[in-house]
Each structure stands twice: as structure tokens, then as C-alpha cells.
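# Structure at a glance
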Amino acid sequence: MSKVNIIYWTGTGNTEAMAKLIEEGAKEKGAEVKLLHVSEASVDDVKGADMVLLGSPAMGAEVIEESEMEPFVDSIASSVSGKKLGLFGSYGWGDGEWMRSWVERMEGYGANLLNEGLIVQEAPEGSSEEECRNFGREAAAY
Ligand SMILES: Cc1cc2nc3c(=O)[nH]c(=O)nc-3n(C[C@H](O)[C@H](O)[C@H](O)COP(=O)(O)O)c2cc1C
């Protein structure tokens, strides 16, 4: 059974809602899933998983959340080479720039990215709910 750890930060709940739908999809494919707020996560949650999914909304000016997610991502930089990794998050008014830079950054650390990252404008609803579940299914099978 593949171990999928989902580690996220959320301000108003949108990225958390994505995380829960992603969890549903991954579980459907038989994965053993751990859902963690980034404040509860450690580097061992990255090392011990077959697939790590990191979620952060676009914050600041097109960056990941700076007080908890940014230091966490920095702390795992040397532990993700060759690691299967997927990125997701919610955004408001931008064009997804924060996600493109985040994907590039993680590839720079040598991670094996699932795809170009899943982005949803504000809360997932309708077809984007299914996109989240699909992301989870793909992550479990990657
Ligand atoms: C301080 C702050 C900065 C933000 N910066 C951006 C931004 O640069 N680009 C963007 O598309 N959305 C931006 N947003 C909008 C959030 O990404 C959006 O509301 C998202 O749905 C929040 O997700 P959450 O509910 O998981 O916190 C910002 C929101 C806040 C509060």
C-alpha cells in the first residue's frame, strides 16, 4: 500500500478543503493517507512517505505562505531529491505564478514532481472538487 502524506497550510480553509478532497481520492485508490497541518509536520513525514503532497495558497505577492510553509519547505530541501512530490493550493486573483515558481523550486531540489501542480481559484466546488479527487487518485498511483 502506498503511503501518501498531505501537508498543508490554510488561512481561510480553501486549501484545507482541497486537501480533504485529495485525501478522499488517494484513499479510494487504496493509499494509506496522513493529513497534516504544516505546524504538526516534520521532515520525517516527508522521508517516511512514498508520495508527499504539499499545499499552500498563493500569499504575499505570488509566494507560498511565509511564516510556516516557507520555513518548512526550506527545511526539507535536502530531503526531497528523488522523492515523489505533488503541489497544490488555492489562489485568488493571480494567474498561478506562485505555483509555477514553487514547482520549479522543488524540481531544483531534485524532487520527482507529479505534474505542474493543482491550482483552484478560491474554494473547490463543482468540477474543481473532482479535479482534487483526481489529483489524489493520480498521486496514489504515481
Ligand atoms: C495576505 C494574502 C495574500 C494573497 N496573495 C495572493 C496572490 O499573490 N495571488 C493570488 O492569486 N491570490 C492571493 N491571495 C488570495 C488567496 O490565495 C486565496 O484567497 C486563497 O483561496 C486562500 O486560500 P486558503 O483559504 O487556503 O487560505 C492572497 C490572500 C491573502 C490573505
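The structure displayed is predicted, hence computed values, not measured ones. Every chain is numbered independently, its residues counted from 1 as its sequence is written. Only residues with pLDDT of at least 70 get local features here, since the model is predicted, and only at 80 or more are side-chain atom pairs given and counted; chain-wide, interface and lining totals rely on the full set of residues. In computing side-chain values, all of the structure's heavy atoms are included and hydrogens and water are not.

The next thing to look at is the pattern of salt bridges. Criterion for a salt bridge: a side-chain nitrogen of Lys or Arg within 4 Å of a carboxyl oxygen of Asp or Glu. Summed over the entire model, instances satisfying the criterion amount to eight salt bridges. Put simply, R105 and E70 hold a salt bridge, and the shortest N to O gap is 2.8 Å. Of this pair, R105 sits in helix α4 (residues 97-108) while E70 sits in helix α3 (residues 69-75), and the two are 35 residues apart along the sequence. Note on classification: 1.4 Å probe, protein chains only; a residue is buried when its accessible area is under 20% of the maximum for its type, exposed when over 50%, partly exposed between these limits. The exposure class of R105 is partly exposed, given its relative accessible area of 21%. Judged by its relative accessible area of 25%, E70 is partly exposed. A helix here means a DSSP run of H or I that spans at least four residues, while a strand means a run of E at least two residues long, and both kinds are numbered starting from the N terminus.

Glancing now at the layout of surface pockets. Residues are said to line a cavity or pocket when one of their atoms sits within 4 Å of a point; the points come from a 1 Å grid over protein atoms alone, cavities being sets where a 1.4 Å probe fits but cannot get out and pockets being open sets with protein on both sides within 12 Å along at least five of seven lines. Grid points are joined across faces, edges and corners, and a volume is the space filled by probe spheres set on the points. Put simply, the largest pocket is a space of about 280 Å³. At the level of elements, α1 (14-28) and β4 (84-91) are the ones that each hand at least two residues to the lining of the largest pocket. By the convention adopted, Pro, Cys, Tyr, Trp, Phe, Met, Ile, Leu, Val and Ala count as nonpolar, Lys, Arg, Asp and Glu as charged, and the other residues, Gly among them, as polar. Along the lines of polarity and charge, the residues of the lining of the largest pocket split into eight nonpolar, eleven polar and three charged.

UniProt positions are given in the numbering used here, feature names are shortened, and annotations may be inferred rather than shown by experiment. The UniProt feature table records "domain: Flavodoxin-like" (unreviewed entry) at residues 4-140. End-to-end, the C-alpha atoms of residues 4-140 are 7 Å apart, and along that stretch the chain is 39% helix and 22% strand.

All right, on to the environment of V33 then. Structurally, V33 is set in strand β2 (residues 32-37). By relative accessible area, which is 17% here, V33 ends up buried. The spacing of V33 and G136 is 103 residues in sequence and 9.9 Å in space, taken between C-alpha atoms. Throughout, a contact is declared for two residues whenever any of their heavy atoms are within 4.5 Å. Other than its neighbours up to four places away in sequence, V33 contacts V4, I6, E23, A26 and K27.

The nonpolar core is taken to be a set of buried Ala, Val, Leu, Ile, Met, Phe, Trp, Tyr and Cys residues, with the residues joined through side-chain atoms within 4.5 Å. Of all hydrophobic cores here, the largest spans 25 residues; its most connected members are I7, L54, F72, L85, L87, W102 and M106. Residue contributions to this core peak at five residues, all from α4. In terms of nonpolar packing, the next biggest core, distinct from the first, is built from 20 residues, A19, L114, V120 and C132 among them.

For helix α5 (residues 127-141), built from 15 residues, the straight-helix expectation of 21 Å at 1.5 Å per residue is met to within 8% by its first-to-last C-alpha distance of 21 Å. If you check which residues of α5 are buried, you get S128, C132, R133, F135, G136, R137, A139 and A140. In this structure, the buried side of α5 is in contact with β1 (3-8), α1, β3 (51-55), β4 and β6 (118-121). To estimate how far a helix should extend, the number of its residues minus one is multiplied by 1.5 Å.

A few words on the site of the ligand. If even one non-hydrogen atom of a residue comes within 4 Å of a molecule or strand, that residue is called near it. In the vicinity of the ligand there are 18 residues, among which T10, G11, T12, A58 and S90 approach most closely. Polar contact is defined as a pair of N or O atoms within 3.5 Å, subject to the rule that within protein one atom must be able to donate a hydrogen and the other to accept it, and that residues adjacent in sequence are counted only when both atoms are side-chain atoms. A distance of 3.1 Å separates an oxygen atom of the ligand from a polar atom in the backbone of G13. Contact between the ligand and T15: an oxygen atom at 2.8 Å from a main-chain N or O atom of the residue. The accessible surface values rely on the Shrake-Rupley method and a 1.4 Å probe; as for residues, cover is taken only from the protein chains in view. When isolated, the ligand has an accessible area of 640 Å², and the protein chains bury 79% of it. The rule for placing a molecule in a cavity or pocket is simple: more than half of its atoms must lie within 2 Å of the grid points. Using a 2 Å cut-off from the grid points, one finds that the ligand occupies the largest pocket.

Right, let's talk about unusual backbone geometry for a bit. You will see that E62, though not glycine, has its phi angle at about 60 degrees, which is positive. Considering the arrangement of structural elements, one finds E62 in the loop between β3 and α3. Although it is not a glycine, E122 adopts a positive phi angle of roughly 50 degrees. Owing to a relative accessible area of 40%, E122 belongs among the partly exposed residues under this scheme.

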